[in-house]
Each structure stands twice: as structure tokens, then as C-alpha cells.
Amino acid sequence: MKNGVNRYRRRITLIFVLLILSILFTFYAYLKFDLKLEQSLINLFLVKYIWIFVLVIISFVILGNILMSKTLHLFHEISRTIQKILNRSVTSNLLQSAKDSDDINIAGAMNKLAEHIEKQLQIIEHNETRLHGVLENMSNGLLLVEKDRKIVLVNRAIEELLGYATNDLVGKRHIEATRHSEMSDTIEECFRTRGKIEKELILYYPREKILLANFAPMKSETNEILGVVVILNDITDFRKLEKIRRDFVANVSHELKTPLTSIKGFAETLLDGAYEDNETSLYFLNIINTESDRLLKIVKDLLDLSKIESNNITLNKEPFLLKNLVKLLLITLEKQITIHQVNIQMEMDDELMIVADKSHISQILINLMNNAISYTPINSDIVISARTSHNFYEISVKDNGIGINKENLDRIFERFYRVDKARTREKGGTGLGLAIVKHLVEAHRGNIYVDSEIGKGTVFTIQLPKEK
Amino acid sequence: MLNNRHTFDSQLQELKEKLLKMSGLTEKSLHDSVESLKLLNVEKAEQVIELDNDVDQLEIEIDEYAVKLIATQQPVAKDLRKILTAIKISSDLERIADLSVNIARVTRRIQGQKLVKPLIDIPKMTEVSQKMLRISIDSYINEDISLAKQLESMDDIIDHTYKEILNELIEIMRQDKEAINQSQQLAFVARYLERVADHITNIGESVIYLVTGERKELND
Ligand SMILES: Nc1ncnc2c1ncn2[C@@H]1O[C@H](COP(=O)(O)OP(=O)(O)O)[C@@H](O)[C@H]1O
Ligand SMILES: [Mg+2]
């Protein structure tokens, strides 16, 4: 590069030398002749020798031009090349017409520059796509507010959170976009305090949402605040789950405590002296026995449920005749059937073969039949029917018992949910039966439906997909 | 002169932002009041009642600021309309927040009772009014008359639902004497929501006035 500059300096010096020489020559000629001639002859001399002067000037101009045009040509090409670099239409081997060694030096430098710029641009572009990819695909909403309080950047997730399209957000002042006084106040607070802020916000529109919001100041190298980055994380579902879990723990404790309290109460009374009376002892011991059965049942149901819920139950699928299984189950339920005096009918093909986990299907049917028997008055009819279609089996348990009203229908599959707490307790229910059924059906990728009318009866239907 | 215009513009912007802040709070009280009723959550109801102070405070602030602007800048035409509209909208917002407080008071009054019927239509009505509130403020921000005009048909939906709820509650009262008190309270809530929608429609009218300079009734 330095070489090149020197070379041009030399060319310009040469032009100057020529210029000075021509002036000196003219001057010399003038002096030489003027000394010997009269003043009046000076004009004559000028007329006579002016051509020498003109010739010198012309030769100077021509010579200079030849030298300059080469340089100008190179400058033209450099500017064209810069234009090309800016347009990014050429990436290498610029300045092909460079001929002498200095031109080639410049050309080389230009080429390097072009390459360098190209590389930088590629890195920037690459980073930009990467950033864009990250922003668009992150599940958290993001918005960037600059010093003028206007939003300059948002991602797609925020559209869904705030219920506005990107176009409606970018360029707006933050309060206009968020419509959330607390969020906007916090953005302002972040501008003021220049520190990170984390807080929970509740959105009211379009749906209620709980957000974990992070506000962070964006600072320049000189520590000047340039903007605030807001990241919103929708934790509504998380909070809901937390609540379910809390409720569950509370429920379990309550359910376990009830039988335990009565066991402990009767045991203490016995110890206090009641054991001396045979009849009372027998009565109390009976209660203790039933209550511990109940406790056992709850614990067993809970264990079943947690096993199913932990999602690692293995399905031991095997083909079996449904009717045979139902017959077997009716034998296990015989005692209850006689107590409640219900009539049970089976409506299914003798040959109906099902491929599923037999123990799970047993548990499902036992629970459904148990309910059908428990929640019907004496002398009711229960129908267990099954049919098969192209791609699923359908089994239903129908009773003409007390039925379930509409508001409770959505909730009976919840753990511990019972329509009538007192009544089911006396029937020995835990409130977990249907929760277990639902989970088992889902483990088979099936569906369960319930249809019921108060005073008319209830029908539970399960659909299990057939193996392909 | 130019500089003066510049400050005036930023003052108008500040007025607008105060109003937007107020609308955010109003939206919150409307939502929370019905939510408190749905869940019979008295704590939430108390929060709504508490929040009303902030809304009232903002209304006063907006009024004072608006008066100051009129006095010092002596605006004309659209600038004047901007300020007048802000005063009008803030008073409608304040009324909406008041009605939300009324709803929250119903929650307080029926605490400890079970709902005579699960709330379905009232939340539905609230949903429509919340949407209307959004649209009205959107139309204000963007000075978009076509948005404001959408409010008219939505207000019709509200009126219709209101009548349905009333009929249903009357039926419940007829069947169940015990439910009379609570049904009355719920009827009040429906009435409050119907009034809320009216105030929102007023906001729409204010926006139309702001943009065109003409008064137009959206609900008749
Ligand atoms: N066939 C049915 N008829 C009427 N009510 C039913 C029937 N099946 C279930 N229920 C209602 O659903 C509730 C939940 O059932 P379940 O989960 O099996 O618990 P449990 O039977 O232990 O109470 C029951 O308490 C009962 O109120
Ligand atoms: Mg059961």
C-alpha cells in the first residue's frame, strides 16, 4: 500500500518538474533575447517565440494527461469495485485490469477488503438467522423496548400471549401494546433502576394467564441504558398443576386421617376398659376391622394410581374371550350382587375376542360394575354389553340407578371426587375408582364416556383401539 | 413555535398514556370481580374494591391534566377534541370500575353460600364485555372508527344475554324459594354487566367524535 502511494507521489512530482522546467525555459529565452533588443521589440519577440511557449505547454498537458489518465482509470475502477462490494455482486478477483505492480498491490488490498467484508457480512447474516430462529422458536414471549419507549422487537410467542399481531406491536409505545399497567410500570421501573426485575403478572385478556416476567436493562459499552428486554413465561399450567398436587396431598391426608382417627378412638376406648365387656369389645373390634379395611383399600388404590400415573406401566396384551372374563368377575362380585339384589345381563357375543391387558380390563370392569351396583336402589338392572367395530372395541356398563347430575359429571373422574360424600363413605368408596379407570383406559390409548340422567341411570362406555 | 408544538404533542401523548393505564386497571377489576364471584373468593373481591381507589385517583389526575392543557395551550379543533375525549373516556372507565366494585360486593354478600346454579352465562357476558373493552381502547389508540362501530352489534349480544339470564333467574326463583335472595343478587350482576357494556359503547362514540368531530349514537 505504501509503495503505491509513493508511486503516485512520484508521478505528481514529475508533472511539477515539467511545469517548472517549461517556465524556466520560457524565462531563459525571454531574458536571452530581451537583453539585446529594444523594448518595442519585446512584442515582436513574443509573437515570434510564442510558439515555443505554446509547444511547451501543450507537451506538458499531453504528458501529464498520459500519466494522469492511467491513475484516473484506476480510481474509476476502484470506485466501481467499491460499488460492487456494496452491492455484494462480486466477491473476489476484483480489479482484473490492474497491470503494473502498484496497481496490483491496490487490487490485492481491495480484494482482501472485499473478502473481509463479505466474511463479516456472512457472520452477521448467520448470527441474524440464528437469532431469528431462536426468537421465533422460543416458547417465551419477548419484547424489546428502546429508550423512546417504543417497541422495536417482538417474537411470535408474544403474539399469542398478548393477543396482538406483531405488526400491531412493533413501533407502538409499550403501554399501547401491553395494555397492562403493571407491566408498563415495571418497564419504566427497569429504565429507572437499571437493574433486573422478576415478577409474576396476571394477564386478563384474551384469557387469564399467569406470567413469570423478567425485565432486564440493555446497556451500551459506556453503561448507558439503551432499552429494556422483557421476557414473558406462561406459567398458568404449572400453577394449575401445583394446585392439583397441593389439593391431592391435602385430600390424601384427609382420607387417611378419617379411618385412622376412628381406629385410634375405638382402640383407646377398648384399652380404657371397654374390653371387659364382651359384646362392646366385639362391636368395637368390628368397626376397627372395617375401618382398617377401608384404610387398606385407600392405600391400595393410591398405590395403583401412582403406579399407573408414573407412566411406566407395561401393558401385557393378550387375546381373551371377554364374556369369560365378565363371568369370572361376576363370581368375585357375587356377595355384593346378592346384597343389592341387582339383575345383571350380558349382551355380547360368546366369541368376542379382545386383545388387551387382561388384568387392567378386569380392574376397569370391576370398578365400573362396583359403582353400578353401589349407586342403584335394590332390584335394579345392570347391563354389560360389548361390540366390536372396524377399529375399536366398545364395552359399556349401564345401570338404571340414581344417576349423576350435569355439574358433577365433569368431575367424577377426579381423584377423591364423590358426589355425595357421606353416602359413598358408607358404601365403602374411596373416590379413586373412576380415576383409576380413566388412567387405565388412557394407558390403552382408549377413551371413556359417561352419559347419565338423574333418577334414570348411568352408562359408562369405554372404547379401546384395536391392534393394527 | 415548533418547540411549543413539540411539547404539546408529548403532553397529549402523556394524557393518552395515563388513560391507557387506567383502562388496564379497569380491565383488571372487571375481570377479577366476575372471577371472584365465580370462585366465591372474597379475598379477590376485596382486592377489586381496593383497586378502585387507584382508578379514581387516575381519573382525577387525567381531569386535572386535561384542564391544565386546555388552560395553558388553548387548543382548537382536533387537539381540543383529543383532550375532551380523554376526559369523557376516563369518566366511562371510572364508572366501569365502579360497577366492577358492585359485582365484587355481591361476592362479599353471598359468601358462604353455594351458587344456586353454576355461573355460565354471566362469565360469558363478561367475556364479551372484556372483548368490547379491548376493542374500544384499540379503536381509541388507532383512531379506528370501524373498530368502534363493531361495538354496536356486540352490545346487542350483551342485551340479549342479559334478558336470557333474567328469565332463567326468574324461573329459578319461582321453583326454589330458598334461592330468591341469591338469584336477585345475580340479577344485579347481570344488570351491572349490561351497564358496563353501555359505558364501553360510550367510549366507542367518543372515538368517533374524536376522529370525525361528529356525535353518533351507537346504542339506541
Ligand atoms: N353408576 C353410577 N351411578 C351414579 N353415580 C356414580 C356411578 N358411578 C360413579 N358415581 C359417582 O361418582 C363418584 C366417583 O366414583 P368412584 O371414582 O368410583 O369413587 P367411589 O365409588 O369410591 O366413591 C361416586 O362417589 C359417585 O358419586
Ligand atoms: Mg367406585
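Please read these numbers as outputs of a predicted model, since none were measured by experiment.

**Concerning the interface of chain A and chain B**
Working step 1: Contacts between chain A and chain B engage 14 residues on the former and 21 residues on the latter.
Working step 2: When residues of chain A are sorted by the area they lose upon contact with chain B, Arg179(A), Tyr204(A) and Tyr205(A) head the list and together hold 45% of the total.
Working step 3: Along the contact surface separating chain A from chain B lie four salt bridges.
Working step 4: Linking Glu176(A) and Lys16(B) is a salt bridge whose minimum nitrogen-to-oxygen distance equals 3.5 Å.
Working step 5: At the surface where chain A touches chain B, the tally comes to ten residue pairs in polar contact (both at pLDDT 80 or more).

**Things to note about the packing of helix 4 (residues 121-142) of chain B against helix 5 (residues 145-175) of chain B**
All names here are of chain B.
Working step 1: At a minimum axis distance of 10 Å, the contact between helix 4 and helix 5 shows a crossing angle of 165 degrees. By the angle class used here, helix 4 and helix 5 are roughly antiparallel. The two elements helix 4 and helix 5 meet at a crossing, and its hand is left-handed. In this structure, helix 4 uses Asp121, Ile122, Met125, Val128, Ser129, Lys131, Met132, Ile135, Ser136, Asp138 and Ser139 to contact helix 5, whose residues at the interface are Leu147, Ala148, Gln150, Leu151, Met154, Asp155, Ile158, Thr161, Tyr162, Ile165 and Glu168.
Working step 2: For the contact of helix 4 with helix 5, a count of residues per class yields twelve nonpolar, five polar and five charged.

**Considerations on the site of ligand 1**
Residues and elements named next belong to chain A.
Working step 1: Taken together, 20 residues form the shell around ligand 1, and within it Tyr375, Asp399, Thr430, Gly431 and Leu434 come nearest.
Working step 2: The separation between an oxygen atom of ligand 1 and a polar side-chain atom of Asn371 is 2.9 Å.
Working step 3: Going through the elements one at a time, helix 12 (358-374), helix 15 (433-443) and strand 12 (457-465) are the ones with two or more residues in the shell around ligand 1.
Working step 4: By residue class, the composition of the shell around ligand 1 is ten nonpolar, eight polar and two charged.

**Thoughts on the packing of aromatic side chains**
Any two aromatic rings considered together are summarised by their centre-to-centre distance and by the angle between their planes.
Working step 1: All chains considered together, the criterion is met by five aromatic pairs over all chains.
Working step 2: Between Tyr283(A) and Phe284(A) the ring centres are 5.9 Å apart and the planes differ by 45 degrees, which places this aromatic pair in the tilted class.
Working step 3: Take Tyr283(A): its relative accessible area is 54%, and that puts it in the exposed class.
Working step 4: Each member of the aromatic cluster is reached from another via a ring pair, and the members are Phe266(A), Tyr283(A) and Phe284(A).
Working step 5: Lying over the aromatic face of Phe248(A), Arg415(A) brings its terminal NZ or CZ to 4.1 Å of the ring centre.
Working step 6: Across from the ring centre of Tyr65(B), 5.4 Å away, lies the NZ or CZ of Lys18(B), which sits over that ring.

**A look at the packing of helix 12 of chain A against helix 15 of chain A**
Residue and element names in this part refer to chain A.
Working step 1: At a closest axis distance of 9 Å, the pairing of helix 12 and helix 15 adopts a crossing angle of 145 degrees. Handedness of the crossing formed by helix 12 with helix 15: left-handed. Packed against helix 12, whose contacting residues are His360, Gln363, Ile364, Asn367, Leu368 and Asn371, the element helix 15 presents Gly433, Leu434, Ile436, Val437, Leu440 and Val441 at the interface.
Working step 2: When its residues are assigned to classes, the contact of helix 12 with helix 15 shows seven nonpolar, five polar and no charged.

**Comments concerning the sheet that holds strand 11 (residues 447-453) of chain A**
Residue and element names in this part refer to chain A.
Working step 1: Pairing within the open sheet is mixed, and its five strands lie in the order 7-9-10-12-11. Whereas interior strands pair on both sides, the edge strands pair on one side only; in this sheet they are strand 7 (343-347) and strand 11. Strand-to-strand twist of the sheet, defined as the mean angle between neighbouring strand axes without regard to direction, takes the value 10 degrees.
Working step 2: Inspection of the sheet shows strand 11 paired to strand 12 by seven bridges, in the antiparallel sense. Bridged to Ser452 within strand 12 is Thr458.

**Topic: helix 8 (residues 236-271) of chain A**
Residues and elements named next belong to chain A.
Working step 1: If you check helix 8, its first and last C-alpha atoms are 52 Å apart, about what 36 residues at 1.5 Å a residue would give, namely 52 Å.
Working step 2: Lys257 marks where helix 8 bends most, by close to 25 degrees; the proline Pro259 follows one to four residues later.
Working step 3: Those residues of helix 8 that fall on the buried side of the exposure criterion are Thr236, Val252, Glu255, Pro259, Ser262, Ile263 and Leu270.
Working step 4: Buried residues along helix 8 sit against strand 4 (209-219), strand 5 (225-234) and helix 9 (278-309).
Working step 5: Where helix 8 terminates, the next one or two residues include Gly273, which has phi positive at roughly 130 degrees.

**What to know about the confidence of the model for chain A**
Working step 1: Of all residues in chain A, 88% have pLDDT values of 70 or greater, and the mean over the chain is 84.
Working step 2: Taken element by element, chain A is modelled with least confidence in helix 14 (residues 421-426) of chain A, mean pLDDT 63, and with most confidence in strand 10 (residues 392-399) of chain A, mean pLDDT 95.

**Side note on a nonpolar patch on the surface**
Working step 1: On the surface, Phe53(A), Val54(A), Ile57(A), Ile58(A), Val61(A), Ile62(A) and Ile66(A) cluster together into a nonpolar patch covering about 580 Å² of accessible area.
Working step 2: Of the residues examined, Ile58(A) reaches a relative accessible area of 45% and is grouped as partly exposed.

**What about the sheet that holds strand 2 (residues 151-154) of chain A?**
Residues and elements named next belong to chain A.
Working step 1: Ordered in space as 2-1-5-4-3, the five strands form an open sheet in which the pairing is antiparallel. Two strands bound the open sheet, and with one partner strand each, they are strand 2 and strand 3 (197-203). When the angles between neighbouring strand axes are averaged without regard to direction, this sheet yields 25 degrees.
Working step 2: As defined by bridge partners, strand 4 adjoins strand 5 across nine bridges and the pair is classed as antiparallel. Across the sheet, residue Pro217 finds its bridge partner in strand 5, namely Val228.
Working step 3: Lying over the sheet, helix 7 (residues 181-193) contacts strand 1 (141-146), strand 3, strand 4 and strand 5, oriented at roughly 165 degrees with respect to strand 3.

So, how was this worked out
Residues numbered from 1 in each chain as written. Chains lettered and ligands numbered in written order. Predicted model: local features only at pLDDT ≥ 70, side-chain atom pairs only at ≥ 80, totals over all residues. Heavy atoms only, no water. Contact = heavy atoms within 4.5 Å. Buried area = accessible area lost by both parts, 1.4 Å probe. Salt bridge = Lys/Arg side-chain N within 4 Å of Asp/Glu carboxyl O. Polar contact = N/O pair within 3.5 Å; in protein donor to acceptor, adjacent residues only side chain to side chain. Axes fitted to C-alpha atoms, helices over the stretch in contact; angles between N-to-C directions. Helix = DSSP H or I, 4+ residues; strand = E, 2+ residues; numbered from the N terminus. Parallel < 35°, antiparallel > 145°, perpendicular 65-115°, else oblique. Left-handed = near helix turned anticlockwise from the far one by under 90°. Nonpolar A, V, L, I, M, F, W, Y, C, P; charged D, E, K, R; others polar. Near = heavy atom within 4 Å. Phe/Tyr/Trp six-rings, centres within 6.5 Å; stacked < 30°, edge-to-face > 60°. Buried < 20%, exposed > 50% of the residue type's maximum accessible area, 1.4 Å probe, protein only. Lys NZ or Arg CZ within 6 Å of the ring centre and 35° of its normal. Pairing = 2+ DSSP bridges. Expected span 1.5 Å × (residues − 1). Bend = angle between axes of the 7 residues up to and from the residue. pLDDT = per-residue confidence, 0-100. Patch = residues over 30% accessible without salt bridge, like charges linked within 9 Å, V, L, I, M, F, W, Y side chains within 5 Å. Areas by Shrake-Rupley, 256 points an atom, 1.4 Å probe, with all protein chains shown as cover.

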